[in-house]
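Fold and contact review
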Amino acid sequence: MSSLFTTVSRTRNGYDPEEVDEFFEHARDVYEGRVADRLTSTDIQASVFDLVRGGYDTHEVDAALDRLEGAFIARQRAEYVAAHGQQAWMNALAERARTLYGRLGRPDGEKFALAERGKPAYDIDDVDDLCDRLVAYFDRQVPITAAEIRSATFGRARGRDGYAEGPVDAFFARAIEVLLGVE
(Lines give C-alpha, C1' and ligand atoms only; values in the text may rest on other atoms or scores of the structure.)
Protein backbone atom coordinates (compact mmCIF):
# COMPACT_ATOMS: atom_id res chain seq x y z
CA MET A 1 0.00 0.00 0.00
CA SER A 2 1.48 3.35 -0.99
CA SER A 3 1.03 6.16 1.46
CA LEU A 4 -0.19 9.67 0.93
CA PHE A 5 2.35 10.96 3.44
CA THR A 6 5.89 12.15 2.86
CA THR A 7 8.66 10.31 4.67
CA VAL A 8 11.20 12.52 6.45
CA SER A 9 14.94 11.93 6.19
CA ARG A 10 16.52 9.08 8.14
CA THR A 11 18.10 11.63 10.49
CA ARG A 12 14.75 13.09 11.57
CA ASN A 13 11.89 11.65 13.56
CA GLY A 14 8.44 11.17 12.12
CA TYR A 15 5.36 9.11 12.92
CA ASP A 16 5.70 5.35 12.60
CA PRO A 17 4.46 4.60 9.05
CA GLU A 18 3.03 1.20 9.97
CA GLU A 19 0.95 2.65 12.82
CA VAL A 20 -0.26 5.59 10.73
CA ASP A 21 -1.19 3.45 7.73
CA GLU A 22 -3.00 0.95 9.98
CA PHE A 23 -4.95 3.73 11.72
CA PHE A 24 -6.03 5.45 8.50
CA GLU A 25 -6.94 2.14 6.86
CA HIS A 26 -9.11 1.27 9.88
CA ALA A 27 -10.67 4.75 9.84
CA ARG A 28 -11.48 4.38 6.13
CA ASP A 29 -13.05 0.96 6.76
CA VAL A 30 -15.20 2.39 9.58
CA TYR A 31 -16.19 5.45 7.57
CA GLU A 32 -17.18 3.37 4.55
CA GLY A 33 -19.08 0.86 6.71
CA ARG A 34 -16.86 -2.16 5.98
CA VAL A 35 -16.38 -2.78 9.71
CA ALA A 36 -18.90 -2.35 12.52
CA ASP A 37 -16.48 -0.55 14.82
CA ARG A 38 -17.43 2.93 16.04
CA LEU A 39 -14.86 5.67 15.62
CA THR A 40 -15.57 9.14 16.98
CA SER A 41 -13.91 12.50 16.58
CA THR A 42 -12.63 12.09 20.14
CA ASP A 43 -10.96 8.81 19.14
CA ILE A 44 -9.31 10.59 16.24
CA GLN A 45 -8.10 13.43 18.46
CA ALA A 46 -6.68 10.92 20.92
CA SER A 47 -4.70 8.97 18.32
CA VAL A 48 -1.02 8.74 19.18
CA PHE A 49 1.76 7.38 17.01
CA ASP A 50 5.31 6.42 17.95
CA LEU A 51 8.12 8.58 16.61
CA VAL A 52 10.73 6.76 14.54
CA ARG A 53 13.67 7.85 12.40
CA GLY A 54 12.60 8.36 8.82
CA GLY A 55 8.87 8.18 9.65
CA TYR A 56 6.02 10.15 8.14
CA ASP A 57 6.06 13.93 8.29
CA THR A 58 4.21 14.77 11.51
CA HIS A 59 2.65 17.98 10.15
CA GLU A 60 1.13 16.15 7.18
CA VAL A 61 -0.28 13.39 9.37
CA ASP A 62 -1.66 15.87 11.92
CA ALA A 63 -3.35 17.86 9.13
CA ALA A 64 -4.86 14.63 7.76
CA LEU A 65 -6.14 13.77 11.25
CA ASP A 66 -7.81 17.20 11.44
CA ARG A 67 -9.51 16.60 8.07
CA LEU A 68 -10.54 13.09 9.14
CA GLU A 69 -12.05 14.46 12.35
CA GLY A 70 -13.99 17.01 10.32
CA ALA A 71 -15.27 14.29 7.98
CA PHE A 72 -16.51 12.15 10.86
CA ILE A 73 -18.26 15.11 12.49
CA ALA A 74 -19.83 16.14 9.17
CA ARG A 75 -21.16 12.61 8.70
CA GLN A 76 -22.43 12.53 12.28
CA ARG A 77 -24.22 15.82 11.63
CA ALA A 78 -25.73 14.53 8.36
CA GLU A 79 -26.97 11.32 10.01
CA TYR A 80 -28.44 13.21 12.95
CA VAL A 81 -30.14 15.76 10.71
CA ALA A 82 -31.56 12.98 8.51
CA ALA A 83 -33.00 11.21 11.56
CA HIS A 84 -34.12 14.18 13.67
CA GLY A 85 -34.03 17.32 11.54
CA GLN A 86 -31.81 20.39 11.30
CA GLN A 87 -33.44 22.15 14.23
CA ALA A 88 -32.78 19.17 16.52
CA TRP A 89 -29.10 19.25 15.48
CA MET A 90 -28.88 22.96 16.23
CA ASN A 91 -30.59 22.41 19.59
CA ALA A 92 -28.12 19.64 20.46
CA LEU A 93 -25.18 21.89 19.55
CA ALA A 94 -26.70 24.75 21.53
CA GLU A 95 -27.03 22.51 24.59
CA ARG A 96 -23.39 21.43 24.30
CA ALA A 97 -22.35 25.06 23.89
CA ARG A 98 -24.37 26.07 26.99
CA THR A 99 -22.56 23.35 28.96
CA LEU A 100 -19.18 24.67 27.83
CA TYR A 101 -20.25 28.26 28.45
CA GLY A 102 -21.44 27.34 31.95
CA ARG A 103 -18.02 25.92 32.72
CA LEU A 104 -16.42 29.22 31.75
CA GLY A 105 -18.90 31.33 33.69
CA ARG A 106 -17.08 31.19 37.00
CA PRO A 107 -16.58 34.84 37.89
CA ASP A 108 -13.68 34.27 40.26
CA GLY A 109 -11.19 31.52 40.77
CA GLU A 110 -9.82 28.87 38.50
CA LYS A 111 -11.77 27.55 35.54
CA PHE A 112 -9.98 24.19 35.77
CA ALA A 113 -8.34 22.11 38.45
CA LEU A 114 -4.78 22.97 39.30
CA ALA A 115 -2.13 20.38 38.54
CA GLU A 116 -0.77 18.16 41.27
CA ARG A 117 2.51 19.07 42.86
CA GLY A 118 5.42 18.62 40.46
CA LYS A 119 3.23 17.64 37.48
CA PRO A 120 3.45 19.48 34.16
CA ALA A 121 0.70 22.05 33.70
CA TYR A 122 -0.57 24.78 31.39
CA ASP A 123 -0.06 28.45 32.11
CA ILE A 124 -3.23 29.76 33.74
CA ASP A 125 -3.25 33.14 31.94
CA ASP A 126 -2.81 31.52 28.50
CA VAL A 127 -5.68 29.09 29.09
CA ASP A 128 -7.90 31.82 30.54
CA ASP A 129 -7.21 34.04 27.49
CA LEU A 130 -8.41 31.30 25.13
CA CYS A 131 -11.42 30.71 27.37
CA ASP A 132 -12.24 34.42 27.16
CA ARG A 133 -12.14 34.23 23.36
CA LEU A 134 -14.47 31.25 23.46
CA VAL A 135 -16.88 33.13 25.74
CA ALA A 136 -16.80 36.08 23.32
CA TYR A 137 -17.64 33.65 20.50
CA PHE A 138 -20.58 32.25 22.46
CA ASP A 139 -21.69 35.80 23.18
CA ARG A 140 -21.53 36.45 19.40
CA GLN A 141 -18.92 39.15 19.79
CA VAL A 142 -15.97 37.63 17.90
CA PRO A 143 -15.59 34.72 15.50
CA ILE A 144 -13.39 31.75 16.33
CA THR A 145 -12.78 28.51 14.45
CA ALA A 146 -11.97 24.96 15.46
CA ALA A 147 -8.59 25.41 13.76
CA GLU A 148 -7.77 28.35 16.04
CA ILE A 149 -8.60 26.33 19.14
CA ARG A 150 -6.73 23.30 17.81
CA SER A 151 -3.59 25.30 17.06
CA ALA A 152 -3.55 27.23 20.34
CA THR A 153 -0.48 26.80 22.48
CA PHE A 154 -0.12 27.37 26.19
CA GLY A 155 2.91 28.31 28.19
CA ARG A 156 4.25 25.67 30.52
CA ALA A 157 3.91 25.64 34.29
CA ARG A 158 4.48 23.13 37.07
CA GLY A 159 2.22 21.87 39.77
CA ARG A 160 -0.23 24.23 41.42
CA ASP A 161 1.12 27.15 39.37
CA GLY A 162 -0.89 25.91 36.37
CA TYR A 163 -3.98 24.07 35.22
CA ALA A 164 -3.88 20.28 35.01
CA GLU A 165 -3.50 19.35 31.34
CA GLY A 166 -6.14 16.61 31.18
CA PRO A 167 -9.22 18.69 32.05
CA VAL A 168 -8.08 21.55 29.80
CA ASP A 169 -7.47 19.21 26.85
CA ALA A 170 -10.84 17.48 27.35
CA PHE A 171 -12.68 20.80 27.55
CA PHE A 172 -11.15 22.19 24.38
CA ALA A 173 -11.73 18.87 22.57
CA ARG A 174 -15.45 19.32 23.31
CA ALA A 175 -15.26 22.94 22.16
CA ILE A 176 -13.69 21.81 18.87
CA GLU A 177 -16.51 19.31 18.36
CA VAL A 178 -19.10 22.08 18.86
CA LEU A 179 -17.29 24.43 16.49
CA LEU A 180 -16.91 21.73 13.84
CA GLY A 181 -20.60 20.94 14.22
CA VAL A 182 -21.39 24.54 13.32
CA GLU A 183 -18.76 25.09 10.60
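Note that the structure is a prediction, hence the values are computed from the model and not measured.

Within this structure, the stated rule accounts for 14 aromatic pairs. Pairing Phe 5 with Tyr 56 gives two aromatic rings, centres 5.5 Å apart and planes at 45°, and the pair type is tilted. Note that Phe 5 is positioned in the segment before strand 1 (13–15) and Tyr 56 in the loop between strand 2 (51–53) and helix 3 (58–84), a separation of 51 residues in sequence. As far as the burial class goes, Phe 5 and Tyr 56 line up, both buried. Through a chain of ring-to-ring contacts, three or more aromatic side chains come together here, namely Phe 5, Tyr 15, Phe 23, Phe 24, Phe 49 and Tyr 56.

What follows covers the confidence of the model for the protein. This prediction gives the protein a mean pLDDT of 85; 97% of its residues lie at or above 70. Of all helices and strands in the protein, the one with the weakest mean pLDDT is helix 2 (residues 41–45) (76), whereas strand 3 (residues 120–123) scores best (92).

Moving on to the environment of Arg 133. Within the fold, Arg 133 resides in helix 5 (residues 124–138). Along the sequence, Arg 133 and Arg 174 sit 41 residues apart, while their C-alpha atoms lie 15 Å from each other.

Within the secondary structure, Asp 57 is located in the loop between strand 2 and helix 3. Of the side chains with opposite charge, Arg 12 comes closest to the buried, unpaired Asp 57, at an N-O distance of 4.4 Å. From its side chain, Asp 57 meets the backbone nitrogen of His 59 in a polar contact 3.0 Å long. Among residues more than four places away in sequence, those in contact with Asp 57 are Thr 6, Val 8 and Arg 12.

Rules behind the numbers
- Residues numbered from 1 in each chain as written.
- Predicted model: local features only at pLDDT ≥ 70, side-chain atom pairs only at ≥ 80, totals over all residues.
- Heavy atoms only, no water.
- Phe/Tyr/Trp six-rings, centres within 6.5 Å; stacked < 30°, edge-to-face > 60°.
- Helix = DSSP H or I, 4+ residues; strand = E, 2+ residues; numbered from the N terminus.
- Buried < 20%, exposed > 50% of the residue type's maximum accessible area, 1.4 Å probe, protein only.
- pLDDT = per-residue confidence, 0-100.
- Lys, Arg positive; Asp, Glu negative; His and termini not counted.
- Salt bridge = Lys/Arg side-chain N within 4 Å of Asp/Glu carboxyl O.
- Polar contact = N/O pair within 3.5 Å; in protein donor to acceptor, adjacent residues only side chain to side chain.
- Contact = heavy atoms within 4.5 Å.

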